[in-house]
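Observations on chain architecture
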Amino acid sequence: MQHQIQGQHAGETGKISDPSRIILARHGETLFNIGHRLQGWCDSPLTEAGESHASELGLRLHRSGLPIDTVAYADTGRHRHTARIVLSTFPEARSFETPALRECNFGGFEGHTLAEVVSGLSAEADAFDGVPLPGNEGFDMLRLLDRLAEVTVHSPWPSEPPARVAGRALDELEALAETSKPGATLAITSGITMLAVLDHL
């Protein structure tokens, strides 16, 4: 799963420089993905299929002919492992590890399924009142995560709102674009971070 963000920025002369190209890609499949568990800032290893996903990503980009100058990735094992596999296809690319590309921090619910999150907050009768849950019509993951952040804001381990996730990721992507070479930057992050960034844009 990947998306391209194309933008332009002014150089010191005030003229528009060449477009910057950033490709967002998700890490390969992990053990938590198979169990439908929220990973967030915790981690689980890539599966054999996940390693194949990372290899295929590198090969597809290589076949596209798009020059990859930088591979940026979040500082957790699944992102690092995915990047290492992709970098084997682009050995000349610089690598850049950053916590800004991490997934949403789910606080005390990291490692849990969404069903467990909903069940865990059932004591608060209106915790998800009016918010469609998984399996229901109109389900929106970002809306659910917004509500989770609201409900847990005073918890010792609050969940991170998607807007904050998008903000930190976009700040990093903008900085990467400003320092990038003529080629493209591949940013390896997580699915929810990608959703949050694209929703913000």
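The written sequence of each chain sets the order in which its residues are numbered from 1. For this predicted model, a pLDDT threshold of at least 70 governs which residues receive local features, and a threshold of 80 or more governs which side-chain atom pairs are given and counted, while totals over whole chains, interfaces and linings are taken from all residues. As a convention, hydrogens and water are excluded, and side-chain values are obtained from all of the structure's heavy atoms.

Moving on, we come to the pattern of salt bridges. When a carboxyl oxygen of Asp or Glu is within 4 Å of a side-chain nitrogen of Lys or Arg, the pair counts as a salt bridge. Going through the model one piece at a time under the given rule, you end up with eight salt bridges. The residue arginine 78 makes a salt bridge to glutamate 103 at a minimum N-O spacing of 3.1 Å. Here glutamate 103 lies in the loop between strand 4 (94-97) and helix 4 (114-120) and arginine 78 lies in helix 3 (residues 77-87), a separation of 25 residues in the sequence. No difference in accessibility class separates arginine 78 from glutamate 103, as the two residues are buried. Between arginine 168 and glutamate 160 there is a salt bridge, and its shortest N-O distance comes to 2.9 Å. Judged by relative accessible area, which is 17%, arginine 168 ranks as buried. Taken together, the shared-partner salt bridges in this structure form one network comprising Asp43, Arg78 and Glu103. Think of it this way: any DSSP run of H or I at least four residues long counts as a helix, any run of E at least two long counts as a strand, and we number them from the N terminus. For the exposure calls, accessible area comes from a 1.4 Å probe over protein chains only, and a residue counts as buried if that area is under 20% of its type's maximum, exposed if over 50%, partly exposed in between.

Our next topic: the packing of aromatic side chains. Paired rings are identified among Phe, Tyr and Trp, the last through its six-membered ring, by centres lying within 6.5 Å, and are further divided according to the angle between planes into stacked (under 30 degrees), edge-to-face (over 60) and tilted (the rest). Applying the stated rule across the entire model yields zero aromatic pairs. Against the face of tryptophan 41 rests arginine 102, its NZ or CZ located 4.4 Å from the ring centre. Criterion for a charge above a ring: Arg CZ or Lys NZ at most 6 Å from the ring centre, at most 35 degrees from the ring normal.

On a regular strand, each side chain points to the face opposite its neighbour's, so the side chains alternate between the two faces of the sheet. Criterion used throughout: strands pair if DSSP finds at least two bridges between them. Of the strand pairs in this sheet, strand 3 (residues 68-73) and strand 4 are connected by four bridges, and their pairing is parallel. Each residue of the ladder has a partner; that of tyrosine 73, found in strand 4, is glutamate 97.

Tracing the backbone shows threonine 47 in the loop between helix 1 (31-34) and helix 2 (48-64). In this structure, the C-alpha to C-alpha distance between threonine 47 and phenylalanine 32, residues 15 residues apart in sequence, is 9.5 Å. When near neighbours in sequence (up to four residues on either side) are disregarded, threonine 47 contacts Glu29, Thr30, Leu31 and Ile34. Pairs of N or O atoms within 3.5 Å make up the polar contacts considered here, provided that, within protein, one atom can donate a hydrogen while the other can accept it, and that residues adjacent in sequence are counted only when both atoms are side-chain atoms. Side chain to side chain, threonine 47 and glutamate 29 meet in a polar contact 2.6 Å long. In this structure the side chain of threonine 47 is engaged in a polar contact, spanning 2.9 Å, whose partner is the backbone nitrogen of glycine 50. Note on definitions: a residue-residue contact is assigned when non-hydrogen atoms from the two residues lie within 4.5 Å.

The analysis is restricted to geometry; functional conclusions fall outside its scope.
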